[in-house]
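So the chains spell out like this:
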Amino acid sequence: MPESSTLRIRPALPADAEALALVDRLTWSYLHAVTPRPQPPYTPFFDERHTPEDHLVAETATEAGSDAHVVGYIRLGFPTPLACNTHVRQIQGLAVAEEARGRGVGRALVRAAAEEARRRGARRLTLRVLGHNAPARALYEAEGFTVEGILPEEFLLGGEYVDDVFMGRSL
């Protein structure tokens, strides 16, 4: 991400599917993923459970007005299908392209997700993060999330047992 570029967070569009899928594949790591590494043929990024309306997109453009470039996304969903739980939204995915890391993109996406969840009537925002993902945990803590529970050694990833950490905050 060039120093002179501007960051914009916007709702996802169906046309973003290919760019978001690419970001997802390029950022895949056991640091944050519990699913196997994506392999061709790739599944569609958007499906009946994960629609464009569930995503916010981070894109950059240079001040010279070049075309926007997708550098990340965040996925918001419901933690359960229960009507009594609709006041809670959950971050169910966050990815930032390597070239955009360390430039506030993740923070901007988390803040935009909190605002979007609030706009949609949520009172709480939750997420799950792997215990060994120190950068993500630090970001979430800086944005007001606290640890609300830990499932020790919940996943076996890359030959290592990893905790599943549940975090949340009020909106």
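Preceding this section is the structure that the text describes.
Residues numbered from 1 in each chain as written. Predicted model: local features only at pLDDT ≥ 70, side-chain atom pairs only at ≥ 80, totals over all residues. Heavy atoms only, no water.

### Side note on the nonpolar core
- Y140 and F145 are the most contacted members of the largest nonpolar core, which totals 25 residues.
- Counting residues per element, the ones that place at least two in this core are β2 (55–62), β3 (69–77), β4 (88–96), α2 (105–119), β5 (124–130), α3 (134–142) and β7 (160–170).
- Those residues within four positions of F145 in sequence are excluded, and the remaining contacts are I91, V110, L125, T126, L127, Y140, M167, G168 and R169. (Core = buried A, V, L, I, M, F, W, Y, C linked by side-chain atoms within 4.5 Å. Buried < 20%, exposed > 50% of the residue type's maximum accessible area, 1.4 Å probe, protein only. Helix = DSSP H or I, 4+ residues; strand = E, 2+ residues; numbered from the N terminus. Contact = heavy atoms within 4.5 Å.)

### Some remarks on the pairing of β4
- Burial runs high along β4: 7 of the 9 residues are buried.
- Two elements, β3 and β4, share 6 bridges in a ladder whose sense is antiparallel. Bridge pairing links R75 to G93 in β4.
- Crossover β4 to β5 through α2 is right-handed. (Pairing = 2+ DSSP bridges. Right-handed = clockwise from strand over helix to strand, strands pointing away.)

### Section: the environment of P38
- Relative to the helices and strands, P38 is located in the loop between α1 (17–27) and β2.
- On the basis of relative accessibility, which here comes to 29%, the residue P38 falls in the partly exposed class.
- Placed 14 residues apart in sequence, P38 and D24 show a C-alpha to C-alpha distance of 8.9 Å.
- Excluding its chain neighbours within four sequence positions, the residues that come into contact with P38 are R25 and W28.

### Here we look at the packing of aromatic side chains
- Applying the stated rule across the entire model yields 4 aromatic pairs.
- Both rings, one in Y140 and one in F145, keep their centres 5.7 Å apart while their planes meet at 65°; by these two values the pair is edge-to-face.
- The class for Y140 is buried, based on a relative accessible area of 6%.
- Among the aromatic side chains, those forming a connected cluster through ring pairs are F45, F46 and Y73.
- Sitting over the face of the ring of Y42, R25 holds its NZ or CZ atom 3.9 Å from the ring centroid.
- In this structure, R75 is placed above the aromatic ring of F45, and the distance from its NZ or CZ to the ring centre is 5.4 Å. (Phe/Tyr/Trp six-rings, centres within 6.5 Å; stacked < 30°, edge-to-face > 60°. Lys NZ or Arg CZ within 6 Å of the ring centre and 35° of its normal.)

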